[in-house]
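Notes for the structure review
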Amino acid sequence: MITISAFKWVPPFAQGLVRDLRVRWALEEAGLPYQTRLIDPDVQGSSEYRSLQPFGQVPVFQEDGLTLFESGAIVLHIASRSEVLLPADAAGRARAMTWVFAALNSMEIYIQQLAEIDLFNADQQWAQLHRPDVEKAVQRRLQELAACLGDREYLEGRFTVGDLMMTTVLRNLRHTRLINAVPTLKAYQERCEARPAFQRALAAQMEPFRQR
Ligand SMILES: N[C@@H](CCC(=O)N[C@@H](CS)C(=O)NCC(=O)O)C(=O)O
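Residues numbered from 1 in each chain as written. Predicted model: local features only at pLDDT ≥ 70, side-chain atom pairs only at ≥ 80, totals over all residues. Heavy atoms only, no water.

- As annotated in an unreviewed UniProt entry, the chain carries the name Glutathione S-transferase family protein and is attributed to Corallococcus sicarius.

Listed below in structure tokens is the structure:
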């Protein structure tokens, strides 16, 4: 049985954003059952957990003696087992994987900077000075992504793991109006998040938070 790690609890601003969401979503799309290991800060700091995830973060993926960390690597590993996530043809697979890296390397690095400023450092002077430039960089990337998407439903025409990763990255802007300002992306994100597999993944992440 696949086991993934996730947090027992996170503050409301992070609920629905924690990176086990993308792994849960991939597992749901692939139809692979899984169980969760819910952890807290004590476990995060333990040598046992660090031996699975060197940085003490979630998610960790475990199955039959294989342990993986880094949500991108985990999601690609899951995707390799499902044509829902990765097309059968080699070129299609390569293009879908390219979008996973684009989401993580060309979008998330900017979006994460904005989230760090707004959610963790809003009262710091350096953050206030830096924010306009970071917001501009995010806006530029969003416009470029929207231009590339054009009037297609998904980045490769059909849904792939690239859309899954891109959607989870775009969600980190939910505290802003930046996605709303780009109607193509707003519709794209809504389309991806309407997938039943996403809804199941989100409900599963939120479940333990509600119990507290
Ligand atoms: N690059 C890693 C980042 C993982 C990550 O940032 N996880 C966050 C939750 S979304 C975490 O565990 N934060 C707690 C910490 O860093 O101590 C991945 O994609 O798996």
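**Overview of the domain arrangement of the chain**
- Here the domain parsing of the chain yields domain 1 (2–84 + 197–205) and domain 2 (90–195).
- Domain 1 and domain 2 are separated by 21 Å when their C-alpha centres are compared.
- The interface of domain 1 with domain 2 comprises 24 residues on the first partner and 25 residues on the second.
- Broken down residue by residue, the surface that domain 1 buries against domain 2 is led by Leu17, Arg22 and Trp25, which jointly contribute 31%. (Domains from an automatic or database assignment. Contact = heavy atoms within 4.5 Å. Buried area = accessible area lost by both parts, 1.4 Å probe.)

**A word on the sheet that holds strand 1 (residues 2–7)**
- As summarised here, the arrangement of the four strands in space is 2-1-3-4, forming an open sheet in which the pairing is mixed. The two strands at the open ends of the sheet, each matched to only one other strand, are strand 2 (34–39) and strand 4 (66–69). Averaged over all adjacent pairs, the angle separating strand axes in this sheet is 25 degrees, with direction ignored.
- In this structure, strand 1 lies alongside strand 2, joined through six bridges in parallel fashion. Each residue of the ladder has a partner; that of Phe7, found in strand 2, is Ile39. (Pairing = 2+ DSSP bridges. Helix = DSSP H or I, 4+ residues; strand = E, 2+ residues; numbered from the N terminus. Axes fitted to C-alpha atoms, helices over the stretch in contact; angles between N-to-C directions.)

**Examining the site of the ligand**
- In the vicinity of the ligand, the contacting residues are Phe7, Val18, Arg19, Gln44, Gln57, Val58, Pro59, Glu70 and Ser71.
- Between the ligand and the protein, one listed contact pairs an oxygen atom with a side-chain N or O atom of Gln44 at 3.0 Å.
- Within the side chain of Gln57, one N or O atom sits 2.9 Å away from an oxygen atom of the ligand.
- Bound to the protein, the ligand loses 71% of the 510 Å² it would expose on its own.
- Most atoms of the ligand, that is more than half of them, are within 2 Å of grid points of the largest pocket. (Near = heavy atom within 4 Å. Polar contact = N/O pair within 3.5 Å; in protein donor to acceptor, adjacent residues only side chain to side chain. Areas by Shrake-Rupley, 256 points an atom, 1.4 Å probe, with all protein chains shown as cover. 1 Å grid on protein atoms, 1.4 Å probe; cavity = no way out; pocket = protein on both sides within 12 Å on 5 of 7 lines; lining within 4 Å. Sits in = over half its atoms within 2 Å of the grid points.)

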